[in-house]
Amino acid sequence: MRGTTVSPGAPCLTPREGEPPLHRLELSLPDAVPFAAGTFDTIGPLSRADFPHRHTFYEIVHVTAGTGAHVVDLAHRRLRPPQLEVILPGRIHHWEDADGLDGAVALFTEEFLLDHPGDREILRRLADRSATTLDGAAHATVGALMAELGEEYRRRPPGHETVLRSLLHVLLIRAGRLAGADVPASAPGRPAALAERFARLIAPPGPGAWSVRECAGRLGVTTGYLTEAVRTATGRTPGPLLREARVAEAQRLLARTELSVHQVAARTGFGDPAYFCRFFRRETGTTPGDFRKHHDARARSIEGPRGAA
């Protein structure tokens, strides 16, 4: 996708005021594929970033060593290597109190998944789970595939783009099996393809289209057709999915930024902060202010006193 990859040294996108940094995937050559793989060390210091940030790309992480935690949106996951994690574009994450963090990383954009569109659903299902802990055999399998991806990316022999896409597809299918998240990898039909486009549209950091009518307009279909396609593909209608996406983005901003409740309301499409508070309470059972206080108290409890041994 345009705008998701940049040449080396290009500055990161400027996020809206008060929001976490938004990182893009740098390309080593003008004609390079939108993909990178290697160890934490070869990918660079941002692979161990200890500050909340978002990506415009997917990230697969095979953690082989280290202590600390990986914080993704509202989830605080203690590291228990070896494990495999997926971070979706737009999710807010960082490594917390990480020591000795090591392993392999694969980064790629939406564009890189064109050959296997079903892989997007596997990635979503893996990302929505806790980290997948790997036993000895699984660790060896994942490690070998990640190493082969890294070597193919480093050497870039003729045909490397095809090999990289194939290896990534195999990795995702096998990771899905390990996590019980495997899905058919065949090309989706028309309703499933439209439902997939809808899911990408409402994914973080927010679509800027907060009604089913707006989403249908952006996708070039009628509201009725979008509703039927999404229902056929998912068993659900667009309205509840859109509300869930809106709530999830509000929770991210309340938990991971210093934006005021009024600002969070505006960023999630509410012109009236009072209506936002009623909406948030109806959907979550708590007010935005109480949600933020609870999250802050939980974070302090997990981290312990500053300076403690």
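You'll find the structure just up there.
Novice: Run through the overall build of the chain, naming residues and quoting values.
Specialist: From N to C terminus, the chain includes eleven helices and ten strands. When burial is assessed residue by residue, the chain has 47% of its 309 residues classed as buried. Counting contacts in the chain only where the partners sit at least 6 residues apart, residues at least 24 apart contribute 69% of the total. Of the roughly 14,900 Å² that the chain leaves accessible, carbon and sulfur atoms contribute 52%.

Novice: Break down the packing of aromatic side chains for me, citing the residues and quoting the values.
Specialist: Counting across every chain of the model gives ten aromatic pairs. Measuring from ring centre to ring centre gives 5.7 Å for Phe-270 and Tyr-275, while their planes differ by 50°; the resulting arrangement is tilted. Classification of Phe-270 by relative accessible area gives buried; the value is 5%. Assessed through its relative accessible area of 39%, Tyr-275 is described here as partly exposed. An aromatic cluster of at least three residues, connected via ring pairs, comprises Phe-270, Tyr-275, Phe-276, Phe-279, Phe-280 and Phe-291. In this structure, Arg-246 packs its charged tip against the face of Phe-270, placed 3.8 Å from the ring centre. When the ring centre of Phe-279 is taken as origin, the NZ or CZ atom of Arg-246, which lies over that ring, is 5.8 Å away.

Novice: Any chance you could break down the pattern of salt bridges for me, citing the residues and the numbers?
Specialist: Enumeration according to the criterion identifies 21 salt bridges in this entry. Of the charged contacts, one joins Arg-48 and Asp-41 as a salt bridge, the two residues approaching to 2.9 Å between their closest N and O atoms. In this structure Asp-41 comes out as exposed when scored by relative accessible area, which is 56%. One salt bridge in this structure joins Arg-125 and Glu-121, with 2.9 Å as the shortest N-O distance. Residue Arg-125 and its partner Glu-121 are located together in helix H2 (residues 119-127), separated by four residues, close to a single helical turn. Among the residues examined, Arg-125 registers a relative accessible area of 40% and is labelled partly exposed. Through salt bridges with shared partners, one network takes in Glu-19, Arg-54, Asp-73, Arg-91, Asp-128, Glu-249, Arg-252 and Arg-267.

Novice: Just give me the short version of helix H6 (residues 212-219), but keep the residues and values in it.
Specialist: Those residues of H6 that fall on the buried side of the exposure criterion are Val-212, Cys-215, Ala-216 and Leu-219. On an axial view of H6, the arc spanned by its buried residues comes to 100°, and they lie on one face. Counted as exposed and oriented over 90 degrees from the buried face of H6: Arg-213, Gly-217 and Arg-218. Buried residues along H6 sit against helix H5 (190-201), helix H7 (223-234) and helix H8 (238-256). A positive backbone phi angle near 75° is found at Gly-220, which sits one or two residues after H6.

Novice: Residue-level account of H2, with values.
Specialist: Looking only at H2, the buried set comprises Asp-119, Arg-120, Ile-122, Leu-123, Leu-126 and Ala-127. Burial along H2 is one-sided: seen end-on, the buried residues are contained in an arc of 160°.

Novice: Which residues make up the side chain of Arg-54, and what values do they have?
Specialist: Note on placement: Arg-54 falls in strand S5 (residues 54-55). A distance of 2.7 Å separates a polar atom in the side chain of Arg-54 from the backbone oxygen of Gly-90. In this structure the side chain of Arg-54 is engaged in a polar contact, spanning 2.8 Å, whose partner is the side chain of Glu-249. If near-sequence neighbours (up to four positions away) are discounted, Arg-54 is found in contact with Glu-19, Pro-21, Leu-22, His-23, Gly-90, Arg-91, Ile-92, Pro-204, Pro-205, Glu-249, Arg-252 and Leu-253.

Novice: Let's hear about the packing of H2 against helix H4 (residues 160-179): which residues, and what values?
Specialist: In contact at an axis separation of 10 Å, H2 and H4 are set at 45° when each is read in the N-to-C sense. Taken together, the axes of H2 and H4 lie oblique to each other. At the point where H2 passes H4, the crossing takes the left-handed sense. Contacts between H2 and H4 involve Asp-119, Ile-122, Leu-123 and Leu-126 on the former and, on the latter, His-169, Leu-172, Ile-173, Ala-175, Gly-176 and Ala-179. Class assignment for the residues of the contact of H2 with H4 results in seven nonpolar, two polar and one charged.

Novice: Talk me through the nonpolar core; I want residue IDs and the actual numbers.
Specialist: Among the nonpolar cores identified, the biggest contains 44 residues, and Phe-35, Ile-60, Phe-108, Leu-123 and Leu-168 are the most heavily contacted of them. Those elements giving two or more residues to this core turn out to be strand S4 (35-39), strand S6 (58-72), strand S8 (83-87), strand S9 (93-108), H2, helix H3 (136-155) and H4. With eight residues, H4 is the largest single contributor of residues to this core. Other than its neighbours up to four places away in sequence, Leu-168 contacts Phe-35, Ile-60, Phe-108, Phe-112, Leu-113 and Leu-149. Core analysis: the next-biggest nonpolar cluster, separate from the first, contains 16 residues, Ile-202, Trp-210, Leu-219 and Leu-242 among them.

Novice: Help me get a handle on the pairing of strand S7 (residues 75-78), residues and values and all.
Specialist: Pairing geometry for S6 and S7, over four bridges, is antiparallel. Within S7, the position partnered with Ala-69 by the bridge is Arg-78. Where S6 folds back onto S7 in an antiparallel hairpin, the turn is made up of two residues, including Asp-73, whose phi is positive at roughly 55°.

Each value, and the rule that gives it
Residues numbered from 1 in each chain as written. Predicted model: local features only at pLDDT ≥ 70, side-chain atom pairs only at ≥ 80, totals over all residues. Heavy atoms only, no water. Helix = DSSP H or I, 4+ residues; strand = E, 2+ residues; numbered from the N terminus. Buried < 20%, exposed > 50% of the residue type's maximum accessible area, 1.4 Å probe, protein only. Contact = heavy atoms within 4.5 Å. Areas by Shrake-Rupley, 256 points an atom, 1.4 Å probe, with all protein chains shown as cover. Phe/Tyr/Trp six-rings, centres within 6.5 Å; stacked < 30°, edge-to-face > 60°. Lys NZ or Arg CZ within 6 Å of the ring centre and 35° of its normal. Salt bridge = Lys/Arg side-chain N within 4 Å of Asp/Glu carboxyl O. Arc of directions from axis to C-beta. Polar contact = N/O pair within 3.5 Å; in protein donor to acceptor, adjacent residues only side chain to side chain. Axes fitted to C-alpha atoms, helices over the stretch in contact; angles between N-to-C directions. Parallel < 35°, antiparallel > 145°, perpendicular 65-115°, else oblique. Left-handed = near helix turned anticlockwise from the far one by under 90°. Nonpolar A, V, L, I, M, F, W, Y, C, P; charged D, E, K, R; others polar. Core = buried A, V, L, I, M, F, W, Y, C linked by side-chain atoms within 4.5 Å. Pairing = 2+ DSSP bridges.

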